[in-house]
Amino acid sequence: MCSGTWKRQIAGALFLLVGCLLLCCLGPCRALAVDSATWTDRAEVPYSGAQLPASGEGVGTDASSVTLDSAGDSAAAPYARTAAQPVDEVVTVSGTLYFSEAYEVLDLVNAERAKNNLGALEMDEELLEVAMYRAAECSVKFSHTRPDGTPCFTASDKMSAENIAAGQTSAESVFQSWMGSSGHKDNILASASKSIGIGCFVDDSGQICWVQCFSPDAAKKVSNPGYNLEGSAIIYFVRDVDTDKVMRIAGNTALGTMEAVSGQFNAESVDAAIVATVDGFWDALTASSVAGLQQCPVLLSDPSELSDETISALKELGVKKVYISGGTAAVSPKVEEQIKSIVGSTERMAGADAIHTALDTYEKGKKINGGWGKTAIVATSQTYHDALSASPYAYASQSPIFLTNSSTKELDADVEKAIKDGGFARVLICGGTAAIPSSVEEQLSGLEIVRKGGATAYETSVEIAKWCLSEGMTAEHVGVATATGYWDALAGAALCGYNNSVIVLADKENKNAVDAFIKPQKGSVSSAFVYGGPMAVLPSTFNAVAEALA
């Protein structure tokens, strides 16, 4: 038996399967929810011709019953199969979600309840999603304990009971298996239940798993979609620890994370926003300095159609003017017109390439709210990591970012001239000589040069963060982002600048920043922000940050 109140989580796990064993197992449990973000690569499959795989040899039945109100083990009967340990803490399992079978089970449930003078259960939108995901989890770990070690109740705070089964090859057969077990039957015929979610998942090996999730709450009714769905479930072996010191800011997608980050800005003080393409990093990075001039967020969008998340962020913040970073290939004229219809005013910062978009950004920034500070930032255009690490400082100190030429690795003549004529007291060069050669320092002779770099992008982020502290920034709301993708960090770095806090790079590849920067700054950190979901920054990295601040 499971007991307690559990927070809504997205968690789970996948074991690599050996063979195609369709052994039937059963287990009921009182239970809990999951997001649609856990499913990727969706493809609709018509009901016409849909058929579950035939049963394999050695099919048997086992059962266990678990409720919230009784003591006992939350694990279902053991499911006889051979499984290998996972090679990672986040993986995917592919298969088909059979809505056709789920709704057939619903009809059988309600027919049986009618015989017993009980009200019909309605399919609930959230519980349907939960049940399908739990079926995917059960296809790799058949238990009321989820693959990440938490009870099934962490799936949704709406659920009150769960039945699970595996191996049955039809709605009728799984229903009869459940009705043949007192625990499962009690859940099906519980008078308190009003809504249900039913999952039927068949993984690519042919393994079939079934789940029923019950609730005493009225349903947010969802109709039979009329199709089955092929997709991949994102499964987690580890979950974020509960802590007040670390906050994950994430959405279901990269744009969802961007929207979540924008929600951290004070709408009462935000009048403007940057909009750049989600398909590249250069324009959003160099525009972070203009965002600092306006104390506004950096938003991303699909280049050809203004993304729903961007629309939502612009409206929620009450933005009156948008600075578009990038040419019409990066942010199309159609998107600009869509933005104008919401905010009224736009200004485009663009050049022939990323280097000259950065240069145009600098030129136009001269006219915004007093213009630039006394520091210029130089970063490579080949990668985003070093400029990303410096962008909170660019934001907080109103320092423009200039890019070196990816071919020559030096500054183009017009960029060199802009820096020399800009009245800057010094230049921050981001990265070691492998990224930006010493010849760039020679190009800028006569100016004070500060170079911050490390052995890798991770170490460079630490060195830049340490330097930023010496320049008056703080670790109060230190940001943590992955170095393996730029999307979440582009928006997150602007929020760090808005908070006058630094950002460091850390993920499963390298957690040096946790020990080298976050832990020594423990006393200065009010709350750390982890940007991106568990697929971007794994729970193990999140937990390492939490442990360093404990």
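Quick caveat: nothing in here was measured; it's all calculated off a predicted structure. (Residues numbered from 1 in each chain as written. Predicted model: local features only at pLDDT ≥ 70, side-chain atom pairs only at ≥ 80, totals over all residues. Heavy atoms only, no water.)

## Examining the pattern of salt bridges
Here is step 1 of the chain: This model, assessed by the stated rule, comprises 19 salt bridges.
Here is step 2 of the chain: Ionic pairing is found between Arg248 and Asp240, a salt bridge with its closest N-O pair at 2.7 Å. As far as the burial class goes, Arg248 and Asp240 line up, both buried.
Here is step 3 of the chain: Each of Arg134, Glu137, Arg146 and Glu162 takes part in one network of salt bridges that share partners. (Salt bridge = Lys/Arg side-chain N within 4 Å of Asp/Glu carboxyl O. Buried < 20%, exposed > 50% of the residue type's maximum accessible area, 1.4 Å probe, protein only.)

## Examining the packing of helix α5 (residues 254-262) against helix α8 (residues 308-317)
Here is step 1 of the chain: Where α5 meets α8, the axes come as close as 9 Å, and the angle between the chain directions of the two elements is 5°. Comparing the axis directions of α5 and α8 gives the class roughly parallel. Mapping the contact onto sequence places Leu255, Gly256, Met258, Glu259 and Ser262 in α5 and Glu309, Thr310, Ser312, Ala313 and Leu317 in α8.
Here is step 2 of the chain: A breakdown of the residues in the contact of α5 with α8 according to their chemical character gives four nonpolar, four polar and two charged. (Axes fitted to C-alpha atoms, helices over the stretch in contact; angles between N-to-C directions. Helix = DSSP H or I, 4+ residues; strand = E, 2+ residues; numbered from the N terminus. Parallel < 35°, antiparallel > 145°, perpendicular 65-115°, else oblique. Contact = heavy atoms within 4.5 Å. Nonpolar A, V, L, I, M, F, W, Y, C, P; charged D, E, K, R; others polar.)

## Re helix α10 (residues 354-365)
Here is step 1 of the chain: The end-to-end C-alpha distance of α10 is 16 Å, a good match for the 16 Å that twelve residues give at a rise of 1.5 Å each.
Here is step 2 of the chain: Along α10, the positions that sit buried rather than exposed are Ala354, Ile355, Thr357, Ala358, Leu359, Asp360, Thr361, Tyr362 and Gly365.
Here is step 3 of the chain: Where the residues of α10 are buried, they touch α6 (282-286), α7 (288-294), β14 (321-325), β15 (345-349), β17 (401-404) and α12 (413-420).
Here is step 4 of the chain: Between the side-chain oxygen of the N-cap and the backbone nitrogen of Ile355 there are 3.2 Å, and the N-cap of α10 in question is Asp353. (Expected span 1.5 Å × (residues − 1). Polar contact = N/O pair within 3.5 Å; in protein donor to acceptor, adjacent residues only side chain to side chain.)

## Topic: the pairing of strand β16 (residues 375-380)
Here is step 1 of the chain: Among the six residues in β16, six count as buried, and that is most of the element.
Here is step 2 of the chain: Covered by surrounding structure in β16 are Thr375, Ile377 and Ala379 together with Ala376, Val378 and Thr380, the residues of both alternating faces.
Here is step 3 of the chain: Relative to strand β18 (residues 426-430), β16 runs parallel, the two being bridged by four bridges. Note that in β18 the partner of Thr375 across the bridge is Arg426.
Here is step 4 of the chain: Across four bridges, the pairing between β16 and β17 is parallel. The residue bridging Ile377 from the neighbouring strand is Ile401, located in β17. (Pairing = 2+ DSSP bridges.)

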